[in-house]
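Coordinate inspection notes
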Amino acid sequence: MEKAKKKLPKMSTSSNGTVLPISSSYTIFLHVICSLGLALAFWIAHNVYSINLVDDPTQTLCLVWVIEAPIVILLFSGFRQHPNQCSYMKAVGRGLLGLPAGAIVNALGAIALGAPVGIQHFSKTANWSILMSVFTIVPTASVFGSSWTEWQRLFAQAKPNGPIDLLICLPAHGAVIGAWFGAWPMPLDWERPWQEWPICVSFGAMAGYLVGMVISFGMSLFQKHLKKE
Amino acid sequence: MAALTCTKITLLTIAAVVIQIIGLSLFVLGFFPVKPAISGISGPESFSSPVCRSAENYNYTNHSPEELKSLYLELSNISPSYDRLILMVVDGLPAEFILGRDDRPAQEFFRKSMPYTQSLLDKGVATGYHTKAAPPTVTMPRLKAMVSGSVGGFLDVALNFNTQELLDDNLIGQFFKIGWKMVMFGDETWLKLFPRSFARHDGVHSFFVKDTVQVDHNVSRHLDDELDKTDWKLLILHYLGLDHVGHTGGRNSVLMGPKLEEMDEVIKKIHRSMIQNQLGRTLLMVVSDHGMTENGNHGGASYEETDALMLLIGLRDYDHRPTTHKTVNQVDITPTMALLFGVPIPINSAGILIAETLKSLEGEQQLRALELNSWQIFRLLQAQLPDLSCSSSCGVDKDGRGSEIGECDSNMEEIFCCLYVKAAALHKSWKSCQVFGSNKVMDYSSAVLAYNNFLRTASEWLSRRATNKPVGVLTFGVTGMLISSLVLLCLLYQLEGDVHVIENRTSHIKSRMHKWHMDEIFAMSIVCFLVLSMGSSSLIEEEQYIWHFMTSTSNLLLLRKAIQSISSGNTQDQVSFIGRESKRRIIQMFSIIFVLISGRILRGWHQGGVNWTNFPDLSKWLENEGTAYIKPVQLVSLLLLITSGFYALAFLRPRKGFVIIVGLSFVFPAFLVLQYIIKYQRSDVPESSYSATLLVQLIYVIIGTSTFGIVVALPWFMPVRNPKGFSSHQNKALFVGIADSLYLIGLVYIICWCLLQLLLQQPINSAPILLLLVQILASMCFSSVTEPKPNQWVELASLYYLGMAGHFALGNTNTIATIDVAGAYMGVSSHSTILSGILMFIITYAAPMLALLSMLMNISLRSRISLVNAQDVDLQYMLKKTLAYPCLVPLGLNSIFLVAYTTILLLMRNHLFVWSVFSPKYMYVCATTACIYLGVIIVASTVFYTYSTLGLRKMWQAKIR
């Protein structure tokens, strides 16, 4: 019975538009801001604190998520589902809750795939997984809250519809896939400092995230175009 | 296309496997060539020219050693420089420690550790050489190279663990023939190579790598005695401790300094005694067989590993200044020693005389030495190039000038011929000039130069020849493997289609043939990723990383799939259905999470491959904590293993009688294994007492007979009669009977296999064995509750992947060094290469075999599912599903890896790491192929036997009725 109820909102999402309508220019704005957030974080890391990911992964990752998380939470909370039933602040709160929860999920995933466990790796893994959480879980938490069907639809089935879904789903998948590929150079014997956990994985995740952004941007434009025709 | 019949599948599969075996053996024989060799032993005839055969015929068979010695002296015209030789082999000592690298002196730390040796070098009493060791830099091939001078083929390494007598012509044999009394202390490899040559010996094992003190003490304790004795001519001291220090702690181990000091003390003691007692002229030769990497490993072709040392202490004519240290080849030791001690150069030696060592001799004798070396090399060349005769030069006039022969360039035969003739002519002219006393120095040095020129060219060509590859054979082999792989894959594809057609007909599922699921795609892409990763040497070295990454990714995808289907089930049914449904889901989720967690622990158990051996991991941590921690882990693993066996048995509750019998068959051997663990297994030293051996043998027998007995007997007693007595369902009862007996047999197989592993594997590996079993059982559990069923090949492939990941989780790597040798002598009372080899194979391929054996359980689960779905069951279909799939999937997957890796090895044949990384990996690929064949044969014959027995009984029943 419960499951049947949960199915209902999904139907209304597409037909009644419980999500705020979104304009084309705003889509562009969203994409650009999310990507610029990353760039800004790296700019600050480089110019203000003069640290970089390779030499100081913990602090850099921390800085990146500290800058990127508010951007993502504040931006995506504006597109929360059922805006009438759920205030903006509540959506922000959901996003903030999603941050550690997503971090735990990401950390567990990474450890299952072979990320090192140990006290000396704790801060690196923690910061990396919070950043991954910002990329993957936090936007969904802000927009959809705890709606199981939506989570399942976006992550287990990967069936986004609409620009917001695309904007949530594609970069998240991009980040995960990018991180997965980013782990490949780690066992190579090039003896570069960036082969350490989690440096190349973070690079991969960010690259994947940006690629996901570009694709989602392209697809949302394409879908708009289709609709118009 | 017509559906495949079972006979057709069987015949095609067998044909493909046979083609594969032929192709593989052709490739192996072509790629790893046998070294160039002449049979026989150098005798007095080696002192005559190979070019112009004179009529002299030596009848040397009946010479006594003393006669032979004087005959050699007379024939060679070279007075031996020394009477006695002390050969001190320091295993794994890099020349860098003593001579430095690239004209830089050795590091201060190493210099300070060996003050006496350094002072000898500074004074010029000792001469140091970098001797380049050819890969594989492992002790036995290096010793062979030093004493026989021959360039070994790679396959020598494969025999490294079963050292056998060296039958090629070698220095030790030559010394033995001239009646030398020889004494050996140290690595028992020497005793295996030369079992009858030593008058006194004390061999030490090199297996217990952690022992860095006792091995060397066992050598040095004889030293005082032996140095006082006068009866020996050759004293070999082979110190293993330094190599062990390297293996445990790397180059910069804290033990390295004390060990070097110990070696320095030994050198000091020997040198002092050489000065004190003036018993003839003694040469102390300090050599190392190979170097070591930063981590202390060896086997490869890096500079650190190949940079071996040779120190000659006691050369009579030393110039009193430290020189820059020359680099020579390790094989050059052979002719140098032979000429210094007045024996013929071993017949297959490809080495060149180190001219400096003969400086004390007169010019004539030095040229004669070069000439003898050239003759020997020339003979070896003739064996390779039958056209090489140079007979035209025989008639050259006595004063024919070398300068008249122009540049030497055309085909190989002519180049060698020309170089040789040039040298011989110059030698002749120098001899004739000496009589008249003119132009002496010029001619002498040009003759030396010409000889060296010939020797160098020939030696290089010979060692290159050892790695020469016949293209035709290789192509043939690769083509064979490719064809068989294609046949297997086509069969698999065809089978997939057939089975689907039947399934769709019988169970009314809409065609899902072309809808690919995520897990199917990923199972395919794992193959691609692995094939791609094999191209990189470091990914081969760290292959455990890839297998774990791949299996856990595919498990995560399965988890995702499980989540995906959570609310996709039909929810309009009754509450009880939902309850059952949710229970099913909980089991599904938990089992896959279980697989993930145990996979992660397995990964953490043996972290490092080749380069990361120093990484901390669970096994190292436990070993450091000592037996107090390992033993409980072992006992708990044993208990849990038996518990999980019973848990898996409990699924067959209706067949109570069988369950009890099978359960008993676990308990008894488990009890014996427990007894062995508690009683005999202590610390790192394996127990070799008589009672321990007996117990182990008893366990082998009991495990063997109970497994065999159950497998044979079970199908005869499994009830096939349908309790309800419906005639239409009789076939079904038969198949249920088959499924049940396959389940029980599969379980017996894997539990007995695991018990055997608990006995054989190192104590530290007991927990991984348990985890592997749990992983396999959990993934069975997962696949039995998953709805809708994934393709069977995906399940079988993931079992195969689990097995391979487990192979690396047990601490195996793609170097030969990680093969557990100690376990291979468990329960073997007399030394037997075959038995030890079998045990070694069992230990090394524990995990892949476990996965293959567990396929029987998968077959049983699968056939039960098809029985539930199907109304009437067709034998053809069942056989295809239960027999063809589990045989074809591993064979097909393995054939892909085999072909891919063969291609990679061919492409990488000139790579720097071809001998150190790619070739050992290829050995492992071949062994895995053998393991797959074996497992598939076991699975296929068991299934076949069960089917035919139960079918026979069914027929009899029908007849009786």
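Reading the values: the criteria
- Once a new chain begins, its residue numbering starts again from 1 and follows that chain's sequence as written.
- Following the order in which they are written, the chains are lettered starting with A and the ligands numbered starting with 1.
- Totals for whole chains, interfaces and linings use every residue, but because this is a predicted model, local features are given only for residues with pLDDT of at least 70 and side-chain atom pairs only at 80 or more, for both listing and counting.
- As a rule here, side-chain values come from all non-hydrogen atoms in the structure, and water together with hydrogens is ignored.
- Secondary structure follows DSSP: runs of H or I at least 4 residues long count as helices, runs of E at least 2 residues long count as strands, and numbering of each begins at the N terminus.
- Exposed residues in this analysis have more than 50% of their type's maximum accessible area, buried residues have under 20%, and partly exposed residues fall in between, with area computed by a 1.4 Å probe over protein chains only.
- We call two residues contacting when some pair of their heavy atoms lies within 4.5 Å.
- Surface accessibility follows the Shrake-Rupley procedure with a 1.4 Å probe radius. Residue values consider only the protein chains on display as shielding.
- We count Lys and Arg on the positive side and Asp and Glu on the negative side, and we leave His and both chain ends out.
- By definition, a salt bridge exists where a carboxyl oxygen of Asp or Glu is found within 4 Å of a side-chain nitrogen of Lys or Arg.
- Any pair of nitrogen or oxygen atoms within 3.5 Å is treated as a polar contact; in protein, a donor-acceptor pairing is required on top of that, and neighbouring residues in sequence qualify only through side-chain atoms on both sides.
- For two strands to count as paired, DSSP must find a minimum of two bridges between them.
- Interaxial angle, 0 to 180 degrees, is taken between N-to-C directions of lines fitted to C-alpha atoms, where a helix line uses only the stretch in contact.
- Within this scheme, the nonpolar core is defined by two criteria: the residues are buried Ala, Val, Leu, Ile, Met, Phe, Trp, Tyr or Cys, and they are joined through side-chain atoms within 4.5 Å.
- Pairs were defined over the aromatic rings of Phe, Tyr and Trp, the Trp ring being its six-membered one, requiring ring centres within 6.5 Å. Orientation was assigned from the angle between planes: stacked under 30 degrees, edge-to-face over 60, tilted for the rest.
- Confidence per residue, as judged by the predictor, is encoded in pLDDT with a range of 0 to 100.
- As defined here, a cavity is a set of points on a 1 Å grid over the protein atoms alone where a 1.4 Å probe fits but cannot get out. A pocket is an open set with protein on both sides within 12 Å along at least five of seven lines, and residues line them when an atom is within 4 Å of a point.
- Grid points are joined across faces, edges and corners, and a volume is the space filled by probe spheres set on the points.
- UniProt positions are given in the numbering used here, feature names are shortened, and annotations may be inferred rather than shown by experiment.

The next point concerns the overall build of chain B. For chain B, the count of helices and strands is 34 helices and eight strands. The buried share of chain B, reckoned over its 961 residues, is 58%. Intrachain contacts of chain B at a sequence separation of at least 6 include 79% that bridge at least 24 residues. With the model as given, the accessible surface of chain B reaches about 39900 Å², and the carbon-plus-sulfur share is 63%.

Next up on the list: the side chain of Asp169(B). All names here are of chain B. Among the secondary structure elements, Asp169 is positioned in the loop between α7 (155–158) and α8 (171–177). Buried Asp169, no salt bridge; nearest opposite-charge side chain is Lys177, N-O distance 6.7 Å. Within the local environment of Asp169, its side chain forms a polar contact with the side chain of Gln174, the two groups lying 3.0 Å apart. Among the polar contacts made by the side chain of Asp169, one reaches the main-chain amide nitrogen of Ile347 at a distance of 2.9 Å.

Right, let's get into the sheet that holds strand β8 (residues 326–329) of chain B. Adjacent strands of a sheet form backbone hydrogen bonds with each other and so pair up, either parallel or antiparallel. Residue and element names in this part refer to chain B. The eight strands lie next to each other as β4-β3-β5-β1-β6-β7-β2-β8, forming an open sheet whose pairing is mixed. Strands with a single pairing partner mark the edges of an open sheet, and in this sheet they are β4 (198–204) and β8. Neighbour-to-neighbour, the strand axes of the sheet open up by a mean angle of 15°, direction not taken into account. Sheet topology places strand β3 (residues 182–187) next to β4; six bridges connect them, and they run parallel. Residue pairing for β4: Met182 is matched across the bridge by Phe198. Its contacts with the sheet place helix α5 (residues 115–123) against β2 (126–132) and β7 (307–313), and it is angled at close to 105° to β2.

Residues and elements named next belong to chain B. In this structure, Leu641, Tyr676 and Tyr922 are the most contacted members of the largest nonpolar core, which totals 217 residues. Take this core: its biggest share by element is 20 residues, from helix α28 (residues 730–760). Grouped together as the second largest cluster of nonpolar side chains are 80 residues, Trp180, Phe194, Val328 and Leu372 included.

A separate point is the packing of aromatic side chains. Residues and elements named next belong to chain B. Overall, the coordinates contain 36 aromatic pairs over all chains when judged by the stated rule. Between Phe378 and Tyr420, the ring centres sit 4.8 Å apart and the planes meet at 40°, which makes this aromatic pair tilted. One end of the pair, Phe378, is in helix α16 (residues 363–384); the other, Tyr420, is in helix α17 (residues 412–436), and 42 residues separate them in sequence. Across the pair, Tyr420 and Phe378 agree in class, each one buried.

Turning next to the confidence of the model for chain B. Any segment with low pLDDT has predicted coordinates that should not be analysed in fine detail. Residue and element names in this part refer to chain B. Averaged over all residues, the pLDDT of chain B equals 81, while 84% of them reach at least 70. Averaged pLDDT values for the elements of chain B fall to 59 in α7 and rise to 92 in strand β5 (residues 234–239). In this model residues 507–513 is a low-confidence stretch, pLDDT under 50, and it forms nine contacts with partners more than four residues away in sequence or in other chains. Between residues 568–573, whose pLDDT stays under 50, and residues either more than four places distant or in other chains, the model counts five contacts. Predicted complex metrics record ipTM = 0.88 and pTM = 0.75.

Our next topic: helix α12 (residues 241–249) of chain B. All names here are of chain B. All buried positions along α12 are accounted for by Gly241, Leu242, Asp243, His244, Val245 and Gly246. The inward-facing, buried residues of α12 abut β1 (84–90), α10 (214–220), β5 and α13 (256–276). Immediately downstream of α12, the backbone of Gly250 shows phi near 80°, a positive value.

A separate point is empty space enclosed by the protein. All names here are of chain B. Counted according to the given criterion, the structure contains 12 cavities of 30 Å³ or more. Counted as a void, the largest cavity has a volume near 220 Å³. Leu558, Ser779, Phe782, Glu795 and Ser798 are the residues nearest the centre of the largest cavity, which is lined by 17 residues in total. Listing elements by their share of the lining of the largest cavity, those giving two or more residues are α22 (543–564), α29 (766–785) and α30 (792–809). Here the element with the most residues in the lining of the largest cavity is α30; it accounts for five residues.

On to the UniProt feature "transmembrane region" (unreviewed entry) in chain A, then. Residue and element names in this part refer to chain A. Within this numbering scheme, the UniProt entry marks residues 20–45, 57–76, 96–119, 125–144, 164–183 and 203–222 as carrying the feature "transmembrane region" (unreviewed entry). End C-alpha to end C-alpha, residues 57–76 measures 27 Å, and it is 100% helix and 0% strand. Helix makes up 100% of residues 203–222 and strand 0%, with an end-to-end C-alpha separation of 28 Å.

Now for the environment of Leu166(B). Residue and element names in this part refer to chain B. You can see Leu166 is positioned in the loop between α7 and α8. Since its relative accessible area comes to 9%, Leu166 is described here as buried. Note: C-alpha distance between Leu166 and Thr117 (49 residues apart in sequence) is 32 Å. Residue contacts for Leu166: discarding those within four places in its chain leaves Lys144, Val147, Ser148, Leu193 and Phe194.

Moving on, we come to the confidence of the model for chain A. The predicted model of chain A averages 82 in pLDDT, with 90% of residues at 70 or higher. The spread of mean pLDDT over the elements of chain A runs between helix α1 (residues 2–15) of chain A, the lowest at 33, and helix α4 (residues 88–112) of chain A, the highest at 91.

Residues and elements named next belong to chain A. Note the cis peptide between Trp197 and Pro198, where omega equals -10°. By secondary structure assignment, the location of Pro198 is in the loop between α7 (163–182) and α8 (199–228). The residue Ser50 is not glycine, and still its phi comes out positive at about 40°. By the element assignment, Ser50 lies in the loop between α2 (24–47) and α3 (57–77).

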